[in-house]
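# Residue-level structure breakdown
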Amino acid sequence: MKRIISIAASLGITFTGYAQEPEMADGMRSEGKIYVVVAILAVILFGLVAYLISIDRKVTKLEQRLNDGKPR
Amino acid sequence: MAKLKNPRGLEDSQVMKMSYWKILSILLLVYTVTGGFLMEVPRLAIVNETIRSLYFHVPMWFGMVVMFLTSTLYAVRYLKKPGAYFDIISVEFANTGLIFGFLGIVTGMIWANYTWGTPWHGDPKQNGAAVALLIYCAYFVLRGSLENSEQRARLSAVYNIFAFAAMIPLIFIIPRLTSSMHPGSGGNPGFNTYDLDRNMRMVFYPAVIGWILLGVWIATVRIRLRNIEDKILELEYEKNH
């Protein structure tokens with residue numbers, strides 16, 4: 001693992017050129033654009049979870065109809 | 001308070017109820033997508049910001065292992081006491097586990113393309129994971145090829161135990177015995193540099209629990225659907241005979 005880190009570190013130096021430390025999305029953060037990413041992911045997550053909840057409820061209704069012997 | 005009834009004559013409280021663990025899963029996942037992008041991570045070369053993929057890629061594998069383990073435990077229970085009920089639980093957990101595994105391998109390929117240079121590096125961890133998934137695909141091929149439901153349940157339960165026993169060395173042992181680019185492999189368990197970081201652990205562990213709970217949720221819904229299907233088939237059979 002030490003070898004991998006050292007390779008990673010040496011490659012990092014060549015990639016980042018004269019930069020002292022690895023490049024991170026600091027610009028994106030300071031501009032607040034990171035919130036766009038978070039918002040998009042949150043919307044997708046909410047959408048999928050809402051969908052799962054609705055499927056879950058439909059299954060519950062089906063279970064109740066079968067167990068109560070209600071007309072199908 | 002009078003209970004409202006929906007058009008189908010069911011009490012809303014019965015339809016609306018939601019287990020605490022499902023709510024916990026949602027909360028943990030919301031925390032994962034917000035905290036996962038907004039909280040501090042170590043500044044490392046090559047991986048840079050992609051280190052945040054750890055909150056999504058690795059929990060897929062944790063989820064897969066939990067799903068497959070549950071599947072195997074129910075396969076054992078089936079063999080001890082045969083019944084369609086345990087077979088359905090076993091197969092649906094394997095199903096959900098396979099989805100998690102595919103998501104894990106695809107996300108791993110995207111990540112590898114950026115950090116290792118190619119999507120498929122032929123790394124022992126990648127190859128092992130691919131073989132493990134193929135073994136589990138064969139589980140469904142086996143099930144699909146048998147007409148008799150009892151025979152299908154029994155043979156696939158035995159195969160399921162084999163599949164789990166084969167997956168563990170393929171994913172967790174072989175990559176550690178050889179040199180691997182994948183973190184946590186090549187002799188060292190755990191996540192090494194990432195694992196030492198307190199900030200990352202604060203998101204990583206909740207993320208793992210959240211994704212696992214989501215997988216259990218999906219699996220249970222599928223199990224319930226299969227039970228309904230079985231019951232309908234039973235009623236149809238009664239009607240026709």
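Throughout what follows, the structure given in this document is the object of discussion. Going along each chain's sequence as written, the residues are numbered from 1 onward. Here the convention is simple: chains get letters from A, ligands get numbers from 1, in the order in which they are written. Confidence filtering applies because this is a predicted model: local features only for residues at pLDDT of at least 70, side-chain atom pairs given and counted only at 80 or more, and all residues used for totals across whole chains, interfaces and linings. Side-chain measures here rest on the full set of heavy atoms in the structure, leaving out hydrogens and waters.

The next point concerns the overall build of chain B. Helix and strand labels come from DSSP, where a helix needs a run of H or I of at least four residues and a strand needs a run of E of at least two; each type is numbered from the N terminus. Counting its regular elements, chain B contains eight helices and zero strands. Walking chain B from its N terminus toward its C terminus, one meets helices and strands in the order α-α-α-α-α-α-α-α. Burial analysis of chain B (241 residues in total) assigns 47% to the buried set. Residue contacts are counted whenever heavy atoms from the two residues lie within 4.5 Å of one another. At a minimum sequence separation of 6, the contacts of chain B that also span at least 24 residues come to 70%. Surface summary for chain B: the accessible area is close to 12,400 Å², and the carbon and sulfur share equals 65%. Classification of residues uses two cut-offs on accessible area relative to the type maximum, computed with a 1.4 Å probe and protein chains only: under 20% is buried, over 50% is exposed, and between them is partly exposed. Residue burial considers only the protein chains on display, and all accessible areas are found by Shrake-Rupley using a 1.4 Å probe.

Now for helix 8 (residues 198-240) of chain B. Here the expected length of a helix is defined as 1.5 Å per residue gap, with one fewer gap than residues. Between its terminal C-alpha atoms helix 8 of chain B stretches 63 Å, which fits the 63 Å expected from 43 residues at 1.5 Å a residue. For the purposes of these results, a polar contact is taken to be a pair of N or O atoms within 3.5 Å, where, inside protein, one atom must be able to donate a hydrogen and its partner to accept one; residues adjacent in sequence count only when each atom of the pair is a side-chain atom. The residue sitting at the N-terminus of helix 8 of chain B and contributing the capping side-chain oxygen is B:Asp197; that oxygen lies 3.2 Å from the backbone nitrogen of B:Asn199.

Right, let's get into the packing of aromatic side chains. Residues and elements named next belong to chain B. Two aromatic rings, drawn from Phe, Tyr or Trp (for Trp, its six-membered ring), form a pair once their centres lie within 6.5 Å of each other, and the interplanar angle then sorts them: stacked below 30 degrees, edge-to-face above 60, tilted otherwise. The full count for this structure, using the stated rule, is 10 aromatic pairs over all chains. Where Tyr-139 meets Phe-140, the ring centres are 5.0 Å apart and the plane angle is 85 degrees; that geometry is what we call edge-to-face. Residue class for Phe-140 comes out partly exposed when judged on its relative accessible area of 22%.

With that out of the way, let us pick up the nonpolar core. As used here, the term nonpolar core means buried Ala, Val, Leu, Ile, Met, Phe, Trp, Tyr and Cys residues forming a set that is joined through side-chain atoms within 4.5 Å. Ranked by internal contacts, the top residues of the largest apolar core, which has 68 residues, are B:Tyr55, B:Met64, B:Phe68, B:Tyr136, B:Met167, B:Trp211 and B:Trp217. Within the residue set of this core, elements represented by two or more residues are helix 3 (34-68) of chain A together with helix 2 (20-38), helix 3 (54-80), helix 4 (84-115), helix 5 (124-144), helix 6 (149-177) and helix 8 of chain B.

Spatial relationships are all this shows, so hold off on functional conclusions.
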